[in-house]
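What follows is the residue order along each chain.
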Amino acid sequence: MPEPEGERLELIGGEVVSMSQAGYPHEVTKSNLIMLLAPWAAQNRELRVLCEAAYQLDDRNCFIPDISLIASTRIVPGSRGVFQGAPEIAIEVVSSESAARLEDKIELYLACGGKSVWVVYPERRAVRIDTMDGTEKFRRDQTLVDPNILAGFSIPTSAIFEGV
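Residues numbered from 1 in each chain as written. Predicted model: local features only at pLDDT ≥ 70, side-chain atom pairs only at ≥ 80, totals over all residues. Heavy atoms only, no water.

**Some words on the overall build of the chain**
Then comes step 1: When its secondary structure is counted, the chain shows three helices and 13 strands.
Then comes step 2: Here the analysis covers contacts within the chain between residues at least 6 apart in sequence; of these, 52% occur between residues at least 24 apart.
Then comes step 3: Counting every atom, the chain has about 8600 Å² of accessible surface; 50% of that belongs to carbon and sulfur. (Helix = DSSP H or I, 4+ residues; strand = E, 2+ residues; numbered from the N terminus. Contact = heavy atoms within 4.5 Å. Areas by Shrake-Rupley, 256 points an atom, 1.4 Å probe, with all protein chains shown as cover.)

Spelled out as C-alpha cells, the structure:
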C-alpha cells in the first residue's frame, strides 16, 4: 500500500485510514521505548527493533505499529515492499485511537502470527501486554518483562515514561 509523502495510512478491514499526527507524550514515549529496547536487541541478535514499519497482515489489513520487533531472519537483503505477516512484537502507543479499533488490531496482530502486543498508555503511565495466553498489566512502579519473547529483558515501567 503506497503512502503519499508524509502521510501515514493503515488498511483496517479493507478501509484506508489516515493516522493522525501524535504529539509530545506519544513521541517521547516512543523514543524512550526505542532507547530501552535497542541495547537488548544489540545483545540478542534474533530480533530487530523497527519504528513505524508497515506489516501486511492479510488482504484487508496493513498496520503500522509505532515500534515493532521482528525476527532477524525476516530481514532479507534486496527485499521490497512491506513486511508480510505480523511482527513478533507490535507496540502501539495510545494517543488517539478508539478502544474498539485498538482491540481489533490486537486480535489481528495475534491471529496473524504476532507473539506479543504492547499497548502503552502515556497518560496513565501503564503498559498492557497481550499474548495468546492472556493479558498482563504493568504500572509505573512495576518491572516490565515479556519473558516468552524477550528473554532477560526487564525495565522499570516508569523508564518508559521519563520526560512525559
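**Some remarks on the environment of tyrosine 55**
Then comes step 1: Its place among the elements puts tyrosine 55 in strand 4 (residues 55-58).
Then comes step 2: Residue tyrosine 55 is classed as buried on the basis of its relative accessible area, which comes to 0%.
Then comes step 3: Residues tyrosine 55 and alanine 90 lie 35 residues apart in sequence; the distance between their C-alpha atoms is 9.9 Å.
Then comes step 4: Once residues within four sequence positions are removed from consideration, tyrosine 55 is found in contact with Leu50, Asn61, Cys62, Phe63, Pro65, Ser68, Ile70, Arg74, Phe83, Gly85, Ala86 and Pro87. (Buried < 20%, exposed > 50% of the residue type's maximum accessible area, 1.4 Å probe, protein only.)

**What to know about the sheet that holds strand 6 (residues 67-71)**
Then comes step 1: Here six strands make up an open sheet; going across it, the order is 3-6-8-9-10-11 and the pairing mixed. Strands at the two margins of the open sheet, each flanked by one partner only, are strand 3 (47-51) and strand 11 (134-139). Mean inter-strand twist for the sheet, computed between neighbouring axes without regard to direction, equals 15 degrees.
Then comes step 2: Of the strand pairs in this sheet, strand 8 (residues 89-93) and strand 9 (residues 116-121) are connected by five bridges, and their pairing is parallel. Bridge assignment links isoleucine 91 to a residue of strand 9, and that residue is tryptophan 118.
Then comes step 3: Sheet strands touched by helix 1 (residues 24-43): strand 3, strand 6, strand 8 and strand 9. Its angle to strand 3, the strand with the most contacts, is close to 160 degrees.
Then comes step 4: Contacts from helix 2 (residues 99-111) reach strand 8, strand 9 and strand 10 (126-131) within the one sheet, and its direction differs from that of strand 9 by about 155 degrees. (Pairing = 2+ DSSP bridges. Axes fitted to C-alpha atoms, helices over the stretch in contact; angles between N-to-C directions.)

**Digging into the side chain of lysine 30**
Then comes step 1: Note that lysine 30 resides in helix 1.
Then comes step 2: Not counting chain neighbours up to four residues away, the residues in contact with lysine 30 comprise Cys51, Glu52, Asp66, Ile67 and Val93.

**A few points about the environment of leucine 144**
Then comes step 1: Note that leucine 144 resides in strand 12 (residues 143-145).
Then comes step 2: Judged by relative accessible area, leucine 144 falls into the buried class, the value being 0%.
Then comes step 3: In the structure, leucine 144 is positioned 16 residues away from isoleucine 160 in sequence and 9.7 Å away in space, judged by C-alpha atoms.
Then comes step 4: For leucine 144, the contacting residues outside a window of four places in its chain are Trp118, Val127, Ile129, Phe138, Phe153, Ser154, Ile155, Thr157 and Ile160.

**As for the pairing of strand 11**
Then comes step 1: Of the pairings in the sheet, the one linking strand 10 to strand 11 comprises six bridges and is antiparallel in character. Within the sheet, the bridge partner assigned to alanine 126 lies in strand 11 and is arginine 139.
Then comes step 2: Linkage of strand 10 to strand 11, two consecutive antiparallel strands, is achieved through a turn of two residues.

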